[in-house]
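# Fold and geometry: a report
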Amino acid sequence: MFSERIFINKRIMYFASTFLIIGFSRSFMKIHHLFIAILVSFISLETKGQALDKQQPSIEKSNTSEMIFRISEIEVYPESLEEYKAILKYEAEASVKLETGVIAIMPMYQKDKPNQFRILEIYVNKKAYEQHLLTPHFKYYKEQTLEMVKSLKLVDMGVLGSEITPLIFAKY
């Protein structure tokens, strides 16, 4: 079992290094996005859908006053719209699937201005947010979208009625 896991990890890293090199060419960007989806799926399968760290914090048990609520306001250059959306989708999916401290990363766009995005971000605490910034999928997102983003504003939010926060997540 342990040797199988090492083999899978080596295989994933081989594919990762190969496709990351290919991915720097814009003409291969679609292949690159496909690779990211496959990589996230491999990691998800290997961990059986569980987060990478074994501590599964419960929202009910966590102190909601320590949680970080943020809205990212992003404007993307129209010519980069489709590429940006693909990268953002994979980053959000990987963050929620693989990081226990990430409660939500919900990307949204304005219907009348599709190059205007809002991302609702919710983290268990500041440490979880800081760990998120160090993950490979977040670093990839930042590096690949740097030239696509016209403007970025991070807005930290406070929650009214934080005692209902656990109830919101318990509904589904």
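One structure accompanies this document, and this report is about it. (Residues numbered from 1 in each chain as written. Predicted model: local features only at pLDDT ≥ 70, side-chain atom pairs only at ≥ 80, totals over all residues. Heavy atoms only, no water.)

### Describing the sheet that holds strand β3 (residues 113–123)
- Ordered in space as β2-β3-β1-β4, the four strands form an open sheet in which the pairing is antiparallel. Two strands bound the open sheet, and with one partner strand each, they are β2 (102–110) and β4 (149–157). Mean inter-strand twist for the sheet, computed between neighbouring axes without regard to direction, equals 15°.
- With respect to the sheet, helix α3 (residues 81–98) is in contact with β1 (68–76), β2, β3 and β4, its orientation differing from that of β2 by roughly 160°. (Pairing = 2+ DSSP bridges. Helix = DSSP H or I, 4+ residues; strand = E, 2+ residues; numbered from the N terminus. Axes fitted to C-alpha atoms, helices over the stretch in contact; angles between N-to-C directions. Contact = heavy atoms within 4.5 Å.)

### Comments concerning helix α5 (residues 136–145)
- Taken residue by residue, α5 has H137, F138, Y140, Y141, Q144 and T145 as its buried positions. One side of α5 holds all its buried residues, which, seen down the axis, span an arc of 160°. Opposite the buried face of α5, at more than 90 degrees from it, the exposed residues are P136 and E143. (Buried < 20%, exposed > 50% of the residue type's maximum accessible area, 1.4 Å probe, protein only. Arc of directions from axis to C-beta.)

### Description of the packing of aromatic side chains
- A complete count under the given rule lists four aromatic pairs for this structure.
- Between the aromatic rings of F138 and Y141, the centroid separation amounts to 6.1 Å while the plane-to-plane angle is 40°, which identifies the pairing as tilted. In this pair, F138 and Y141 both sit in helix α5, three residues apart, roughly one turn of the helix.
- What makes F138 buried here is its relative accessible area of 16%. (Phe/Tyr/Trp six-rings, centres within 6.5 Å; stacked < 30°, edge-to-face > 60°.)

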